[in-house]
Amino acid sequence: MLVCPRTQSGEPLRTAASAEVLEARKRLLERGSFSFEKYGLAIKGACEAAGIPPFTPGRFRHSVATWAIEKGADPASVVAFLNHKSPSTTRRFYATHAVPTKVPTLR
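Just so it is clear, the structure is predicted and the values come from calculations on it, not from any experiment.

Trainee: Got a minute to help me understand the packing of helix α3 (residues 57-70) against helix α4 (residues 75-82) in this structure?
Mentor: If you want to describe how two helices pack, look at the angle between their axes and the distance between the axes. Two numbers describe how α3 lies on α4: the axes approach to 10 Å, and their chain directions differ by 165°. Classified by the angle between their axes, α3 and α4 sit roughly antiparallel to one another. Every pair of crossing elements has a handedness; the one defined by α3 and α4 is right-handed. On α4, the residues that touch Arg61, Val64, Ala65, Ala68 and Ile69 of α3 are Pro75, Val78, Phe81 and Leu82. Its residues assigned to classes, the contact of α3 with α4 comprises eight nonpolar, no polar and one charged.

Trainee: Quick question: what am I supposed to make of the environment of Thr56 here?
Mentor: Note that Thr56 resides in the loop between α2 (36-50) and α3. Under the relative-accessibility criterion, Thr56 is labelled partly exposed at 47%. Linking Thr56 and Tyr39, residues 17 residues apart in sequence, is a C-alpha distance of 9.6 Å.

Calculation criteria
- Numbers given to residues run from 1 along each chain, matching the order in which its sequence is written.
- For a predicted model such as this one, the threshold for reporting local features is a pLDDT of at least 70, and the threshold for listing and counting side-chain atom pairs is 80 or more; totals across whole chains, interfaces and linings nevertheless cover every residue.
- To obtain the side-chain values, all non-hydrogen atoms of the structure were used and water was disregarded.
- The angle between two axes is taken between their N-to-C directions and runs from 0 to 180 degrees, where each axis is a line fitted to C-alpha atoms and a helix contributes only its stretch in contact.
- Only DSSP runs of H or I reaching four residues or more are called helices, and only runs of E reaching two or more are called strands; each is numbered from the N terminus.
- Oblique is the label for any angle not covered by the other classes, which are roughly parallel (under 35 degrees), roughly antiparallel (over 145) and roughly perpendicular (65 to 115).
- We call a crossing left-handed when the near helix sits turned anticlockwise from the far one by less than a right angle, and right-handed when that turn is clockwise.
- Throughout, a residue-residue contact means that at least one pair of heavy atoms, one from each residue, lies within 4.5 Å.
- Throughout, the ten residues Ala, Val, Leu, Ile, Met, Phe, Trp, Tyr, Cys and Pro are labelled nonpolar, Asp, Glu, Lys and Arg are labelled charged, and all others, Gly among them, are labelled polar.
- Exposure categories follow from relative accessible area, calculated using a 1.4 Å probe and restricted to protein chains: below 20% of the type maximum is buried, above 50% is exposed, and the middle band is partly exposed.

Put into structure tokens, the structure is as follows:
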């Protein structure tokens, strides 16, 4: 389990993580603290290195949720991942902007 930055309501956001992510977490902890400010600066630096306009961590979160919906993720799973108190929040911000990929059906 990996504890991510806190939600807007101040609660920690927890999600499953791969072995690679947990190893990266271990390296970060060995270097010291990793604040929200450092997180934002890291994203900004990565954007500059990639030659793309910088974006905020919130936009990254929005993108992940939108991609999940587009790939056909169960909306309830996306609600849980985002730690929204109400599924209507997820529908309002993500499900209305993303178009789920059609799942092939057998005939």
